[in-house]
Amino acid sequence: MLIGHKEAGTINKLNRNDFCWCGSQKKYKKCHLELDEKLDRLEHEGIEVPGRELIKTESQIDGIRKACQFSRSILDSLEGKIVPGLRTDTIDEWVHDYTISQGAYPASLNYRGYPRSICTSINDVVCHGIPEPRELQDGDIVNIDVTTILDGYYGDTSRMYLVGDPSPLARKLVEVARECLYLGIEQVKPFNRIGDIAYTIEQHANAHGFSVVRDYGGHGVGLQFHEEPFVHHYGPRESGMVLMPNMVFTIEPMINAGTYKCRTLADGWTTLTADGSLSAQWEHTVRVTFDGVEILS
Ligand code: MF3
Ligand code: CO
Ligand code: CO
């Protein structure tokens, strides 16, 4: 077994002077050789490492960045417009029509049977709220989650909007959830692990008496909507996949005022807090750079 494995590995091995596998047109020894050797050592210690298919090329990253900026521009354009009396299916229509008019496509529409172009998750809805003919009320907090396909690339981002004048608790939850996202992002750099992101997020949420949803997480993204790895937002530091330059994934912590436990409605999508407490979420698509992180969205 071991010998067979070794032989298989040898066949795949590049020589130092071959072109690198990553498409950089550089010699392997001047590109990924050292990183690969480090990854091999980690893998032997039983640590989960990314496969080469999770490392994006520069031109793929350019495309993903454009898709992310498109999604971001939609969220920007909604600032100041999310007011009491507005229906969430109206927001969905705006985003759908604008996206199509620009030659892009809303990734959520018909995704695994999802019926709309965006998710609108109000108050105790944790995620995947379906836009509907329901008017936003003064004091609601709502997450709007937009994923766009532009030139075949996916960009996924979401943020919270305050409707009218939410309670101090609701405002606090929204703010802490935002801090959780940015503290998580600060943990992104080569050879850190997804657990480092997760741990940092959970510590911050817990410090404010809030909990972190476990049933959903971030995900690789870019060439498809949901790719490997799964990005959990809770748990210990030394866990999950090792990060490598040019991996692209989302961080999207869902923070609950009460229990972390969730339930999903019979529609198969709408997910709520099990205890009816408020929930807030912010999401960015990020790229691991050679010494840190780039927020693509
Ligand atoms: N945009 C969501 C995410 O952050 C996924 C929504 S899937 C949908 O991963 F079908 F509900 F739109
Ligand atoms: Co996402
Ligand atoms: Co999203």
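Since the model is a prediction, treat every value here as computed from it, not as a measurement. (Residues numbered from 1 in each chain as written. Chains lettered and ligands numbered in written order. Predicted model: local features only at pLDDT ≥ 70, side-chain atom pairs only at ≥ 80, totals over all residues. Heavy atoms only, no water.)

Novice: For this particular structure, what's the right way to read helix α6 (residues 194-207)?
Specialist: An α-helical segment advances 3.6 residues per turn. Residues three or four places apart therefore align on the same side. The end-to-end C-alpha distance of α6 is 20 Å, a good match for the 20 Å that 14 residues give at a rise of 1.5 Å each. α6 sits mainly inside the fold: 10 of its 14 residues count as buried. Looking only at α6, the buried set comprises I194, G195, D196, I197, A198, T200, I201, E202, H204 and A205. Where α6 is buried, its residues touch α5 (168-186), β6 (211-212), β8 (227-231), β9 (248-251) and β10 (254-256). Just beyond α6, the residue with positive phi is G209, at close to 80°. (Helix = DSSP H or I, 4+ residues; strand = E, 2+ residues; numbered from the N terminus. Expected span 1.5 Å × (residues − 1). Buried < 20%, exposed > 50% of the residue type's maximum accessible area, 1.4 Å probe, protein only. Contact = heavy atoms within 4.5 Å.)

Novice: Looking at this model, I keep getting lost on the pairing of strand β4 (residues 141-150). Mind explaining?
Specialist: Side-chain direction in a regular strand flips from residue to residue, so the side chains alternate between the two faces of the sheet. With 9 of 10 residues buried, β4 is to be regarded as a mostly interior element. Where strand β1 (residues 105-106) meets β4, 2 bridges bridge the pair, whose relative direction is antiparallel. Its bridge partner being in β4, Y105 is matched across the sheet by I149. Bridge count for strand β2 (residues 119-122) against β4 is 4 bridges, and the pairing is antiparallel. In the sheet register, C119 faces β4, and the bridge partner there is D145. With 10 bridges joining them, β4 and strand β5 (residues 153-162) adopt antiparallel strand pairing. In the strand pairing of β5, I144 is matched with R159. Joining the antiparallel neighbours β4 and β5 is a turn of 2 residues, in which D151 adopts a positive phi near 55°. (Pairing = 2+ DSSP bridges.)

Novice: Looking at this model, I keep getting lost on the packing of aromatic side chains. Mind explaining?
Specialist: The description of two aromatic rings rests on the distance between their centres and on the angle between their planes. According to the stated counting rule, one finds 4 aromatic pairs in the structure shown. A centroid spacing of 5.6 Å and a plane angle of 20° characterise the contact between F70 and Y98, whose relative ring orientation is stacked. In this pair, F70 sits in helix α3 (residues 58-78) while Y98 sits in helix α4 (residues 88-101), placing the two residues 28 residues apart along the sequence. With a centroid separation of 6.0 Å and 25° between ring planes, the pair formed by Y154 and F225 is classed as stacked. Of the two residues, Y154 is situated in strand β5 and F225 in the loop between β7 (218-220) and β8; the sequence distance between them amounts to 71 residues. (Phe/Tyr/Trp six-rings, centres within 6.5 Å; stacked < 30°, edge-to-face > 60°.)

Novice: I would appreciate a short explanation of the packing of α3 against α4 in the present structure.
Specialist: Working note: a packed helix pair is described by the angle between its axes plus the distance between those axes. For the pair α3 and α4, the least separation of the axes is 11 Å and the interaxial angle reads 140°. Classified by the angle between their axes, α3 and α4 sit oblique to one another. When you trace α3 past α4, the crossing you get is right-handed. Residues F70, I74 and L78 of α3 pack against I91, W94, V95, Y98 and T99 of α4. By residue class, the composition of the contact of α3 with α4 is 7 nonpolar, 1 polar and no charged. (Axes fitted to C-alpha atoms, helices over the stretch in contact; angles between N-to-C directions. Parallel < 35°, antiparallel > 145°, perpendicular 65-115°, else oblique. Left-handed = near helix turned anticlockwise from the far one by under 90°. Nonpolar A, V, L, I, M, F, W, Y, C, P; charged D, E, K, R; others polar.)

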